[in-house]
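Okay, here's what each chain looks like letter by letter:
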Amino acid sequence: MPDFPQYQNASLVEYANYRTKLDADTAAQSGDVLVFTPSANRVVTLPPVESGGPVLVRLAGTFGAGYGVKVVLNAVDATAGVKIDGGAAGLVTSVTLVNAGDSIVVASDGSTTWWTI
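This section reports on the structure supplied with the text. Every residue gets a number counted from 1 within its own chain, in the order that chain's sequence is written. This being a predicted model, a pLDDT of at least 70 is required before a residue's local features are given, and a value of 80 or more before pairs of side-chain atoms are given or counted; all residues contribute to the totals for chains, interfaces and linings. In computing side-chain properties, one takes all heavy atoms of the structure into account and sets aside hydrogens as well as water.

1. Side note on the overall build of the chain
Per the secondary structure count, the chain includes 1 helix and 10 strands. For the purposes of this entry, the term helix denotes a DSSP run of H or I that reaches at least four residues, the term strand denotes a run of E that reaches at least two, and both are numbered from the N terminus. Along the chain, helices (α) and strands (β) appear in the sequence β-β-β-β-β-β-α-β-β-β-β when read from the amino end. Out of the 117 residues belonging to the chain, those deemed buried represent 37%. To be clear on the numbers: accessible area is Shrake-Rupley with a 1.4 Å probe, and residue cover counts the displayed protein chains and nothing else. Surface summary for the chain: the accessible area is close to 6300 Å², and the carbon and sulfur share equals 53%. Any residue under 20% of the maximum accessible area for its type is buried, any over 50% is exposed, and the rest in between are partly exposed; the area is computed with a 1.4 Å probe on protein chains only.

Shown next, in the form of structure tokens:
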């Protein structure tokens, strides 16, 4: 498990933006809890890396065969070379959430990397 530094100007997320029964591509915000009831592939775009996160993506229903949730970087971040889990800059991470209850949480170090927790 990689260690990531706590950045100096970090602000504590004191509340969550709980959005449920999502069935469309979604732009996440820091502190979001996104619950999908999907019928097709969905894309979650992460907020700017300096926001810190966290962002939780959870599946409430079951996907059909061949479908999944893809977590992608904010377009500005991808241009600036931000990474997910230390991978290549601009990396698109596919997260396969298939069964009800599957989830992923990501948070950033505030400058260069989003981390899967």
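There's plenty left to go through after this.
2. Some remarks on the pairing of strand E10 (residues 113-116)
Here a strand pair is declared whenever DSSP counts at least two bridges between the two strands. Bridge analysis of strand E7 (residues 83-84) against E10 gives 2 bridges, and the strand direction is parallel. Among the inter-strand pairings, Lys83 is bridged to a residue of E10, identified as Thr113. Of the strand pairs in this sheet, strand E9 (residues 103-108) and E10 are connected by 3 bridges, and their pairing is antiparallel. Within the sheet, the bridge partner assigned to Ala107 lies in E10 and is Trp115. Hairpin remark: E9 followed by E10, antiparallel, with 4 residues in the connecting loop; positive phi at Gly110, about 90°.

3. Description of the nonpolar core
Only buried residues count toward a nonpolar core, which is a set of Ala, Val, Leu, Ile, Met, Phe, Trp, Tyr and Cys residues joined through side-chain atoms within 4.5 Å. Ranked by internal contacts, the top residues of the largest apolar core, which has 20 residues, are Leu34, Phe36, Val44, Leu46, Val55, Val57 and Trp114. For this core, the element with the highest residue contribution is strand E5 (residues 55-59), accounting for 3 residues. Residue contacts are counted whenever heavy atoms from the two residues lie within 4.5 Å of one another. Setting aside residues no more than four positions away along its own chain, Val55 makes contact with Ala28, Gln29, Asp32, Leu34, Leu46, Pro47, Ile104, Val105 and Val106.

4. Considerations on the sheet that holds E7
Taken in spatial order, the 6 strands of this open sheet run E1-E3-E5-E9-E10-E7, and their pairing is mixed. Both outer strands of the open sheet, strand E1 (17-22) and E7, are each paired with one neighbouring strand and no more.

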